[in-house]
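# Survey of secondary and tertiary structure
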Amino acid sequence: MSDIFNNELFEAFAEASDNVYIYVCDMRTNVSRWSKASVEYFGLEGEYIEDAGAMWEQHIHPDDRDVYNEDIGGVFSGAKSRHECQYRAMNCYGEYVWLECKGSIIKDKDGNPIIFAGLMTRLDGQNKFDSLTGLLTTHELHHYDFSMKKGIALLMGIDGFRKVVSNYGYNLGDELLVTFSKKIKEFCERDWRVFRFSGDEFLIITSLVDKDEAERLYKKFCGEVDTIEMADGQRIGISVSGGAVMFPQDADSRELLINKLEHSLEYAKNHYRGELVFFSEEIAEKHRRGLTLREDLRNSIRNGFSGFELFFQPFVNPDAHMIAGCECLLRWKGEKITDSYPMEFIKVLEDYGGIREVGFWVMEQAIKQQVAWREKYGDLQVSFNVSYQQFMDEDFEDKLISYIEKYKGSPSSMIIELTESCQVDKPQELSSMFDRLRSRGFKIALDDFGTAYASLEMLKCLHVDYIKVEHSFVRELSEPGHDIDYVIIDNLLDMCRRLGYDSIVEGVENGKVADIVGEMDVTLLQGYYYSRPVCQKEFEKLLDADKIKS
Ligand code: C2E
Ligand code: MG
Ligand code: MG
């Protein structure tokens, strides 16, 4: 065997780095030697390989083979002196990884090529440690065999980290991540591994086997990091949500583990903020439903909004007991999912796209419907819901005006309800938008007033027409022990009157509540007592009946 293979230098270089793979080929015999690391990482048949070119080509991603062949062909034909290109090759885990491959040819005295030697650098593995936090990168998870070890893996995410960055800036966001990472490291046992998973998410592989112990430690850790002190003395309050998976029982491979951790963390963030949630079948089921929902909603939108429908719930005038108008409430039935409520599917539309199209559809239907009823029932006040995100869409105003023109609608009969008032981060822009819409005659309502911490703050900078009082204050008004609700509503309504706003009290579920609120200074009432939200036909029956419960 050629002595170029039995060379201590080869061994030394081969050992030098764990993400550089070296090879050398005796071109006279077409036998090559590959470093141990490359044999392991790419799952090669052995260190010595005959006709390695053909074998290696099979490892290269089909889309990158032309690039590779052209470059290496140029070297062997003598057209190029060095082989140098980047491509993806499959590793022993069946994944394609980016490599930078460099090589050159050594010739004998007569100019005949005798040796081809080179090295391949794993591009994605170059950063073993995250440059900001110094923690391991997730690439290093490749070295873990989750079927062999036993433990609990945790994925933790800082709640509302994006908000921290937008409030305090990127530099402070980075400082927070660095300090937070240090705290994790300090907290973890020596044999645990801590990875920076992505942005504000951290993965910890622990040797814990007891769920209760993991939960106890998690709580302790959250207690230690609930306030992070910055270099300039600023203190930032944070909360941390976590997902947890036991391995190998719940996940015996890296892919499965990461998958389940991500689902558990997402579930924690949505339902149990600030807590640790262990993976369960319920979470898997919720995730599957989420995927189906997304798909189903996308299909509905693509099929001309099939499955979407507006329901209508009357606004009742408390003195005349007449229907003064209605709120349009969105309903949807998908091909596969037929039992989803607005709270669920609207969130999916907002988080994964579609709310824009659906929102414009709602807007158009509401205007069209108001006009359609005009001749028979007079000018009803028709409201529709718009989230802050939708309001801030640059086309919102143009669309609204175009539908009003298209259907010859009257702006003064349309009420636009702003939902989720707590998420307003650009009150000035919203305020100018409200002023422009109101000057065109549209009416604006603040929905669910009283729930968001910013409600009162918002009143100071926004000019609106209606305040809608949240039903949680109203529903149990008639029951004993709810005097506080009475005082809150009575004062809220008084405040509305003094500020010159009209009011709508939602959630009137029975006659007693209707009587109590009816005595107060309220403009309109809404609730199951008068009618649940109903389809167009049913709503027209209510209108035909002319009067509603007195
Ligand atoms: P919201 O705008 O506050 O609508 C009132 C919700 O209270 C409706 O729930 C309605 O069915 C319910 N409700 C009415 N009367 C009573 C009552 O007496 N008692 C109780 N307990 N509840 C009552 P729904 O239809 O499930 O809608 C939930 C939320 O979804 C809405 O709250 C609104 O924020 C949102 N939403 C509905 N349609 C749309 C839409 O087209 N666009 C947007 N962005 N959000 C919408
Ligand atoms: Mg509403
Ligand atoms: Mg409401």
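Going by the structure above, here's the rest.
Residues take numbers from 1 onward in each chain, read along the sequence in its written order. To read the labels, note that chains go from A and ligands from 1, taken in the order they are written. Whole-chain, interface and lining totals are the exception, using all residues; otherwise, since this is a predicted model, local features are given only for residues with pLDDT of at least 70 and side-chain atom pairs are given and counted only at 80 or more. With hydrogens and water stripped out, all remaining heavy atoms of the structure feed into the side-chain values.

## Topic: the coordination of the magnesium ion (ligand 2)
Here the term donor refers to an N, O or S atom within 2.8 Å of the metal (or 3.2 Å for Na, K and Ca), and because water is left out of the atoms, sites may appear incomplete. Note on the magnesium ion (ligand 2): its protein donors are Glu327 (OE), Asn385 (OD1), Glu417 (OE) and Asp447 (OD). The metal-donor distances range over 2.1 to 2.3 Å. A separation of 3.8 Å is found between the magnesium ion (ligand 2) and the magnesium ion (ligand 3), which share aspartate 447 as a coordinating residue. Separated by 62 residues along the polypeptide, asparagine 385 in strand 17 (residues 381–386) and aspartate 447 in strand 19 (residues 443–449) bring together distant segments of the chain. Secondary structure elements follow DSSP: runs of H or I of four or more residues count as helices, runs of E of two or more count as strands, with numbering from the N terminus.

## Observations concerning the site of ligand 1
Lining the immediate environment of ligand 1, one finds 24 residues, of which Arg331, Asn385, Asp447, Glu509 and Tyr528 sit closest. Residues adjacent in sequence count toward polar contacts only when both atoms are side-chain atoms; beyond that, a polar contact is any pair of N or O atoms within 3.5 Å, and within protein one must be able to donate a hydrogen and the other to accept it. Note that a nitrogen atom of ligand 1 is positioned 3.0 Å from one of the side-chain N or O atoms of glutamine 390. For ligand 1, an oxygen atom lies 3.2 Å from a polar atom in the side chain of histidine 471. Here, Shrake-Rupley sampling with a 1.4 Å probe gives the accessible areas, and only protein chains in the shown set may cover a residue. Coverage of ligand 1 by the protein amounts to 90% of the 800 Å² it exposes when considered alone. Elements with a contribution of two residues or more to the shell around ligand 1: strand 16 (322–332), helix 10 (342–352) and strand 19. Ranked by residue count, the leading element in the shell around ligand 1 is strand 16, at 4 residues. Whether a residue is near a molecule or strand depends on its heavy atoms: if one lies within 4 Å, it is near.

## Quick notes on the side chain of serine 38
As for its position among the elements, serine 38 is in helix 2 (residues 36–42). Serine 38 sits in the buried class, given a relative accessible area of 0%. A distance of 2.7 Å separates a polar atom in the side chain of serine 38 from the backbone oxygen of serine 35. Ignoring sequence-local partners within four residues, the contact set of serine 38 consists of Tyr21, Ile22, Gly43 and Leu44. The cut-offs for exposure are 20% and 50% of the maximum accessible area for each residue type, with area from a 1.4 Å probe on protein chains only; residues under the lower value are buried, those over the upper are exposed, and the others partly exposed. Residues count as neighbours in contact if any of their non-hydrogen atoms are within 4.5 Å of one another.

## Some details on the coordination of the magnesium ion (ligand 3)
Of the protein atoms, only Asp447 (OD), Asp448 (OD), Glu506 (OE) and Glu506 (OE) coordinate the magnesium ion (ligand 3), at distances of 2.2 to 2.4 Å. Sequence positions of the residues that donate to the magnesium ion (ligand 3) give the spacing D-D-x57-E. By relative accessible area, which is 24% here, aspartate 448 ends up partly exposed. Look at glutamate 506 and you get buried, because its relative accessible area is 7%.

## Quick look at the sheet that holds strand 5 (residues 96–107)
Strands sit in the order 3-2-1-6-5-4 across an open sheet of 6 strands; the sheet is antiparallel. Each of the sheet's edge strands pairs with one partner strand only, and the pair in question is strand 3 (48–50) and strand 4 (82–90). Along the sheet, successive strands turn relative to each other by an average axial angle of 25 degrees, direction set aside. Both strand 1 (residues 20–26) and strand 6 (residues 113–122) contribute to a ladder of 7 bridges, which runs antiparallel. By the bridge assignment for strand 6, tyrosine 21 is matched with methionine 120. Angles shown run from 0 to 180 degrees and are taken between the N-to-C directions of axes, each axis being a line fitted to C-alpha atoms and, for helices, limited to the stretch in contact. Helix 3 (residues 52–59) contacts strand 2 (31–34), strand 3, strand 4, strand 5 and strand 6 of the sheet and is inclined by roughly 50 degrees relative to strand 4. Its contacts with the sheet place helix 4 (residues 65–76) against strand 4, strand 5 and strand 6, and it is angled at close to 150 degrees to strand 4. Here, a strand pair is defined by DSSP locating no fewer than two bridges between the strands.

## Examining empty space enclosed by the protein
Put simply, the grid is 1 Å and covers the protein atoms alone, a cavity is a trapped set of points that fit a 1.4 Å probe, a pocket is an open set with protein on both sides within 12 Å along at least five of seven lines, and lining residues have an atom within 4 Å of a point. Grid points are joined across faces, edges and corners, and a volume is the space filled by probe spheres set on the points. What the rule picks out here adds up to 2 cavities of 30 Å³ or more. In terms of lining residues, the largest cavity is bounded by Leu154, Met156, Ile184, Phe187, Cys188, Trp192, Ile204, Leu208, Ala214, Leu217, Tyr218 and Phe221. Secondary structure elements with two or more residues in the lining of the largest cavity: strand 8 (151–158), helix 6 (170–187) and helix 7 (211–225). Ranked by residues supplied to the lining of the largest cavity, first place goes to helix 7 with 4 residues. Each residue is assigned to one class: nonpolar for Ala, Val, Leu, Ile, Met, Phe, Trp, Tyr, Cys and Pro, charged for Asp, Glu, Lys and Arg, and polar for all the others, Gly among them. Here the lining of the largest cavity is composed, by residue class, of 12 nonpolar, no polar and no charged. What the second largest cavity holds in volume is close to 30 Å³. Lining the second largest cavity, in full, are Gly359, Met363, Phe384, Asn385, Val386, Gln390 and Phe396. Listing elements by their share of the lining of the second largest cavity, those giving two or more residues are helix 11 (355–377) and strand 17. Of the residues forming the lining of the second largest cavity, the biggest block, 3 residues, is contributed by strand 17. Within the lining of the second largest cavity, the residues separate by chemical class into 4 nonpolar, 3 polar and no charged.

## Digging into the pattern of salt bridges
Salt-bridge detection follows one rule: a side-chain nitrogen of Lys or Arg within 4 Å of a carboxyl oxygen of Asp or Glu. This structure, assessed with the given rule, holds 32 salt bridges. Note that arginine 28 is salt-bridged to aspartate 26, the shortest N-O span being 3.1 Å. When its relative accessible area of 2% is taken as the criterion, aspartate 26 is described as buried. For the salt bridge of arginine 235 with glutamate 229, the shortest nitrogen-to-oxygen distance reads 3.1 Å. Classification of glutamate 229 by relative accessible area gives partly exposed; the value is 48%. Residues participating in the shared-partner salt-bridge network are Asp494, Arg497, Arg498 and Asp521.

## Quick notes on the sheet that holds strand 8
Taken in spatial order, the 6 strands make up an open sheet running 7-9-10-8-13-14, and their pairing is mixed. Each edge of the open sheet is held by one strand with a lone partner, namely strand 7 (136–137) and strand 14 (276–278). Relative to strand 13 (residues 240–247), strand 8 runs antiparallel, the two being bridged by 8 bridges. Considered in strand 13, the bridge of isoleucine 152 is made with methionine 246.

## Observations concerning the packing of helix 11 against helix 19 (residues 536–544)
The relative placement of two packed helices is expressed as an angle between their axes plus a distance between the axes. As a packed pair, helix 11 and helix 19 sit with axes 12 Å apart at the nearest point and diverge in direction by 30 degrees. As judged from the angle between their axes, helix 11 and helix 19 are roughly parallel. Note on packing geometry: the crossing formed by helix 11 with helix 19 is right-handed. Contacts from Gln369, Trp373, Lys376 and Tyr377 of helix 11 reach helix 19 at Gln536, Phe539, Glu540, Leu543 and Asp544. Broken down by class, the residue content of the contact of helix 11 with helix 19 amounts to 4 nonpolar, 2 polar and 3 charged. Geometric relationships in this document are graded by angle, where less than 35 degrees denotes roughly parallel, more than 145 denotes roughly antiparallel, 65 to 115 denotes roughly perpendicular, and other angles denote oblique. Throughout, a crossing is termed right-handed when the near helix is turned clockwise from the far one, and left-handed when it is turned anticlockwise from it by less than a right angle.

## A short note on the state of the cysteines
By disulfide we mean two sulfur atoms from cysteines, separated by a distance within 2.5 Å. Counted according to the given criterion, the structure contains 0 disulfides. Unpaired in terms of disulfides, cysteine 101 finds its nearest cysteine sulfur in cysteine 85, a separation of 6.1 Å. Between cysteine 535, a free cysteine, and cysteine 326, which holds the nearest cysteine sulfur, the sulfur-to-sulfur gap is 12 Å. On the basis of relative accessible area, cysteine 535 is assigned to the partly exposed category, the value being 21%.

## Remarks on the packing of aromatic side chains
In summary, the pairing rule links any two rings of Phe, Tyr or Trp, Trp by its six-membered ring, whose centres are within 6.5 Å, and it sorts them by plane angle into stacked for under 30 degrees, edge-to-face for over 60 and tilted for everything else. Per the counting criterion, the structure on display carries 27 aromatic pairs. On the basis of an interplanar angle of 45 degrees and a centroid distance of 6.1 Å, the ring pair of tyrosine 267 and tyrosine 272 is categorised as tilted. Taking the relative accessible area as the measure of exposure, tyrosine 267 reaches 11% and is therefore buried. Taking relative accessible area as the criterion, tyrosine 272 reaches 40% and is therefore assigned partly exposed.

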